[in-house]
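Chain and residue survey
The residues making up each chain are set out below.
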Amino acid sequence: MDMIVLVLMMAVTVEGLIEYGKTVGKAMLDKQYKTAITQGTALILSVLLCFAVGADFYAVLNVQFTLPWVGCLLTGIFASRGANFVSDLFKKLQTLGDNPQ
């Protein structure tokens, strides 16, 4: 189960980075600076909060990075995708865990 959670977390983190890049890039090209600033602020606040409290989902799953701060950074990106997104993901994972195939 830990490997499934790890793969899903990595997928959400990568998806988050790509979506932020697309959204901010498009907003900058369209001169919609408010959208770019909002997206950037959400990402920065989430990462800062994770560093402030030492949140590291990857460490919980026993993933060791060469640079110890990478786990907090990736956790911040993961968390920045929004509480509803993360909540839905964990509900789906819990359902999978309750009904093994």
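An unreviewed UniProt entry annotates the protein as Holin of Candidatus Ruthenibacterium merdavium.

A surface patch of nonpolar side chains, about 310 Å² in accessible area, is lined by Met28, Tyr33 and Ile37. Along the chain, the position of Met28 falls in helix H1 (residues 2–29). Relative accessible area serves as the criterion here: at 42%, Met28 is assigned to the partly exposed category.

To continue, consider the nonpolar core. Ranked by size, the top nonpolar core spans eleven residues in total: Val5, Leu6, Met9, Val12, Val47, Tyr58, Leu61, Val70, Leu74, Ile77 and Phe78. Ignoring sequence-local partners within four residues, the contact set of Met9 consists of Phe57, Tyr58, Leu61 and Phe78.

Within the secondary structure, Ser46 sits in helix H2 (residues 33–53). On the basis of relative accessibility, which here comes to 11%, the residue Ser46 falls in the buried class. A distance of 3.1 Å separates a polar side-chain atom of Ser46 from the backbone nitrogen of Ser80. Ignoring any residue separated from it by four or fewer positions in sequence, one finds Ser46 in contact with Gly76, Ala79 and Ser80.

Below, the discussion takes up unusual backbone geometry. With phi around 60 degrees, Lys31 is a residue other than glycine that occupies positive phi space. Inspection of the secondary structure puts Lys31 in the loop between H1 and H2. A positive phi angle, close to 65 degrees, is found at Asn62, a residue other than glycine. Note that Asn62 resides in the loop between helix H3 (57–60) and helix H4 (70–80).

With that settled, consider the side chain of Asp56. Checked against the element boundaries, Asp56 lands in the loop between H2 and H3. Among the residues examined, Asp56 registers a relative accessible area of 17% and is labelled buried. Those residues in contact with Asp56 that lie beyond four places of it in its chain are Pro68, Gly71, Cys72 and Thr75.

For the structure on display, the rule yields two salt bridges. With a shortest N-O distance of 3.2 Å, Lys22 and Glu19 are connected by a salt bridge. One end of the pair is Lys22 and the other is Glu19, both in helix H1 and three residues apart, which spans about a single turn. Across the salt bridge formed by Lys26 and Asp30, the nearest N and O atoms sit 2.6 Å from each other.

Turning our eyes to something else, we now look at H2. A rise of 1.5 Å per residue sets the reference length of H2, with its 21 residues, at 30 Å; its end C-alpha atoms lie 30 Å apart and thus fit the reference within 8%. Among all positions in H2, only Ala36, Ser46, Val47 and Cys50 are buried. Buried residues of H2 fall within an arc of 110 degrees about the axis and therefore sit on the same side. Residues Lys34, Ile37, Ile44, Leu48, Leu49, Ala52 and Val53 are exposed on H2 and point more than 90 degrees away from its buried face. Where H2 is buried, its residues touch H1 and H4. Looking one or two residues past H2, Gly54 carries a phi angle of roughly 75 degrees, positive in sign.

Criteria and cut-off values
Residues numbered from 1 in each chain as written. Predicted model: local features only at pLDDT ≥ 70, side-chain atom pairs only at ≥ 80, totals over all residues. Heavy atoms only, no water. Patch = residues over 30% accessible without salt bridge, like charges linked within 9 Å, V, L, I, M, F, W, Y side chains within 5 Å. Areas by Shrake-Rupley, 256 points an atom, 1.4 Å probe, with all protein chains shown as cover. Salt bridge = Lys/Arg side-chain N within 4 Å of Asp/Glu carboxyl O. Helix = DSSP H or I, 4+ residues; strand = E, 2+ residues; numbered from the N terminus. Buried < 20%, exposed > 50% of the residue type's maximum accessible area, 1.4 Å probe, protein only. Core = buried A, V, L, I, M, F, W, Y, C linked by side-chain atoms within 4.5 Å. Contact = heavy atoms within 4.5 Å. Polar contact = N/O pair within 3.5 Å; in protein donor to acceptor, adjacent residues only side chain to side chain. Expected span 1.5 Å × (residues − 1). Arc of directions from axis to C-beta.

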